[in-house]
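# Fold and geometry: a report
Spelled out, the chains give:
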Amino acid sequence: MTNFFHKTYRLFCLLMCLAVHAVGQSQIALPESKNKLVVIAHRGNHVDVPENTIASFKEAIKAGADYVEVDLRSSKDGHLVVVHDATVDRTTNGKGKVADMSLVELKALKVLNGSKKPHKIPEFSEVLKVCKGKINIYLDFKEADVAETFRQIREAGMERQVVVYINKIPQYKQWRSIAPEVPLMTSLFGEVKNKEQLGMFLGQVKIEVLDNIADPEMVRVARENGVAVWLDVQSASEGPDSWNEALQKGVQGLQTDKPAELVKYLKKNGWRDGMPVSASAEVVKKKPSYIELKDVKYGDAPGNENLLDAFVPRNHTDSTKLIVYMHGGSWSRGDKSEFPKVLIDELVENRGYAVVSINYRLVKDGKDLFPAQIQDVKKALQFLADKSKKHQYNGSQFALMGGSAGAHLAMLYAYGHDPEKKVKAVIDLWGPTDLTDKMVRADGSDADNTVIRFLGEKDPQAQIAKDASPSYHLTKETGVPTILFHGGEDPLVHVSQAENLYKKLISLDIPAQYELYPNDKHGVSAASMVDVMSKLLVWLEKTYPAK
């Protein structure tokens, strides 16, 4: 794996409305290791033998490393092979791209090793056999098939001995879908620069290991969130000075080009479980200082469809204000648990709001079509209003927030179903605003099919499409201060949906703010999400202050 400063990709354009991949999952256990501080042999122990060869992996085992880093690619005919570069030019006597060569052609090459014994490019199955029960694998997943990779891991009985380093957005989704029990690792991109931004990032992205956090305070935040930090220390000048510098940050792993020397150094100093830290530097996982009420039933729909979660400050009073969140998922999937904990912590613990996240009826098998969802929003808000005196919070006003389909419901209720004007602010996270607009539902598109399933009606000009469109309900009298966030390249909800609603809000002299992220799609990248969260907090302070 190259030094992170040279990595040019941007990871995790993960969607809040698809947070089933991230938020709410239990922590995935890392492979067992007899040492708390893991030593990772970078491409094997290639001090005396070539990198990414069977010999280098055997040498890593001899050196006492806990993990061996293995770079995985696919041949032209679909076989999994271990090569770092996209081409074979640097490491073998051949030339050409790995992806353009068959397994037979790749196996015929000699891995360069001076005048010493020749080596071959190994298949992944060979590496699994060598490592099983002897050393864990840090799998740098370059370009390969996820399903076939996991099939071979499972066939070798190595499911509990592998951590997968992901390099691209689709890889994250594929691994979480195909092998949800496999721990994942990645680099933190440069836009996340401080502990606050890291906390927001980890609230959106479920990951088990990060590899490029240099700031000790950020390492602490990672550990508080149950995320390990493994630093790369391999370099031309690698040695005790660079090892000590990394160890002092409180990391849990070091990736090295000198595994035997590093293991010997750690043992000599009694640091195989990490460098000792002062009691004040030890991480104690912070417990929330607010009240959590889970799965409160607000309606009579079966299962979990009329449940809500509430998060309330311990010092709440009858003036404590409510923020109500509605999840996304095309009105047919999703769950209240998608609301990120980091934002709950900020809103409830630090700012003093009470936060409620609701489930609502989902469209399934042609049942519970619109208007079932907006009816459930009404029920939930009436339930909250009715219980306010008993439980001491302000039930006479709300701020509504939603992601995608949930944002649509938040706006629809605020503009069209709130005759008592209890809604004081709306936060729209990439929600559809006009279901009659063919820009958002071109014939045969995913968006069109989603809206048809939701409404039970194909005609975009049908009355039900207008009834379900927030923009049709927006007037000078019904308007509510609204902030809109949207990706400029959103393929599901066209950016014009946000633009047009914003223009209408402004024309009606209703306070509004529009934040465009030109290169983001449906939902926004984790880097942009940091900005989204910062701006929505400022918006709330201005339009719906906690106190």
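In this report, the structure presented in the accompanying data block is examined. Source: prediction; values computed, not measured. (Residues numbered from 1 in each chain as written. Predicted model: local features only at pLDDT ≥ 70, side-chain atom pairs only at ≥ 80, totals over all residues. Heavy atoms only, no water.)

## Here's the deal with the pairing of strand E15 (residues 423-429)
Basically, it comes down to this: Only protein chains enter the accessibility calculation, which uses a 1.4 Å probe. A residue is then buried if its area is under 20% of the maximum for its type, exposed if over 50%, and partly exposed in between. Each helix is a run of H or I in the DSSP string that is no shorter than four residues. Each strand is a run of E no shorter than two, and both are numbered from the N terminus. Note on pairing: DSSP must find at least two bridges between two strands before they are called paired. Handedness is read with the strands pointing away from the viewer; a crossover is right-handed when the path from the first strand over the helix to the second is clockwise.
For E15, a buried count of six out of seven residues is recorded, marking the element as mostly surrounded by other parts of the structure. Sheet topology places strand E14 (residues 398-403) next to E15; six bridges connect them, and they run parallel. Its bridge partner lying in E15, Phe398 is registered against Val423. Viewed along the sheet, the connection from E14 through helix H13 (residues 405-416) into E15 turns out right-handed. Note that E15 and strand E16 (residues 482-487) share four bridges and pair parallel. Its bridge partner lying in E16, Ile427 is registered against Ile483.

## Let's talk about the sheet that holds E16
How we decide: Orientation is described by lines fitted to C-alpha atoms, with helices fitted over the stretch in contact, and by angles between N-to-C directions that extend from 0 to 180 degrees. Throughout, a contact is declared for two residues whenever any of their heavy atoms are within 4.5 Å.
In spatial order, the strands read E10-E11-E13-E12-E14-E15-E16-E17; together these eight strands make up an open sheet with mixed pairing. Only two strands of the sheet have a single partner each, and these edge strands are strand E10 (290-297) and strand E17 (512-517). Recorded for the sheet is a direction-independent mean angle of 15° between the axes of neighbouring strands. Packing of helix H10 (residues 341-350) onto the sheet brings it into contact with E10, strand E11 (307-313), strand E12 (322-326), strand E13 (354-358) and E14, and relative to E10 it is tilted by some 120°. Along the sheet, helix H17 (residues 496-507) contacts E16 and E17; its crossing angle with E17, the most-contacted strand, is approximately 160°.

## A word on the nonpolar core
Here is the rule: Buried Ala, Val, Leu, Ile, Met, Phe, Trp, Tyr and Cys residues form a nonpolar core when they are joined through side-chain atoms within 4.5 Å.
With 60 residues, the main nonpolar core has Ile137, Leu139, Val164, Trp175, Leu198, Ile207 and Ile213 as its most contacted residues. Formed by 52 residues, the second largest nonpolar core is a distinct cluster that contains Val312, Met411, Ala512 and Tyr514.

## Structural notes on empty space enclosed by the protein
We apply this condition: We place a 1 Å grid over just the protein atoms. Points where a 1.4 Å probe fits but has no way out form a cavity, open points with protein on both sides within 12 Å along at least 5 of 7 lines form a pocket, and any residue with an atom within 4 Å of a point lines it. Grid points are joined across faces, edges and corners, and a volume is the space filled by probe spheres set on the points. Amino acids are sorted into nonpolar (Ala, Val, Leu, Ile, Met, Phe, Trp, Tyr, Cys and Pro), charged (Asp, Glu, Lys and Arg) and polar (every other residue, Gly among them).
What the rule picks out here adds up to three cavities of 30 Å³ or more. Contributing to the lining of the largest cavity are Ser330, Trp331, Ser404, Ala405, Pro432, Leu435, Val440, Ala447, Thr450, Val451, Leu492 and Val493. Per-element accounting of the lining of the largest cavity gives the leading share, three residues, to helix H14 (residues 446-455). A class-by-class count of the residues in the lining of the largest cavity yields nine nonpolar, three polar and no charged. Lining the second largest cavity, in full, are Glu51, Asn52, Val82, Val83, His84, Thr91, Thr92, Val111 and Ile121. Its residues placed into classes, the lining of the second largest cavity shows four nonpolar, four polar and one charged.

## Some remarks on unusual backbone geometry
Between Phe370 and Pro371 the backbone carries a cis peptide bond, its omega angle lying at 20°. With respect to the helices and strands, the residue Pro371 is situated in the loop between E13 and helix H11 (372-386). For Asp295, which is not glycine, the phi torsion reads 55° and is therefore positive. With respect to the helices, strands and loops of the structure, Asp295 is situated in strand E10.

## Describing the packing of helix H8 (residues 240-247) against helix H9 (residues 259-269)
As a reminder, the rule being used: Left-handed describes a crossing whose near helix is turned anticlockwise from the far helix through less than a right angle; right-handed describes the clockwise counterpart.
Look at H8 against H9: their axes get within 11 Å of each other, and the N-to-C directions meet at 65°. Classified by chirality, the crossing of H9 by H8 is right-handed. Between H8, through Pro240, Trp243, Asn244 and Leu247, and H9, the contact on the second element is made entirely by Glu261, Leu262, Tyr265 and Leu266. When the residues that make up the contact of H8 with H9 are grouped by side-chain class, the tally is six nonpolar, one polar and one charged.

## Let's talk about the packing of helix H1 (residues 54-63) against helix H3 (residues 124-131)
For the record, the criterion: In what follows, roughly perpendicular refers to angles from 65 to 115 degrees, roughly parallel to angles under 35, roughly antiparallel to angles over 145, and oblique to any angle outside these ranges.
Running from N to C, H1 and H3 point in directions that differ by 20°, and their axes come no closer than 10 Å. Viewed along their axes, H1 and H3 adopt a mutual orientation that is roughly parallel. Of the two possible hands of crossing, H1 and H3 adopt the one that is right-handed. Across the interface between the two elements, Ile54, Phe57, Lys58 and Ile61 of H1 pack against Glu126, Val127 and Val130 of H3.

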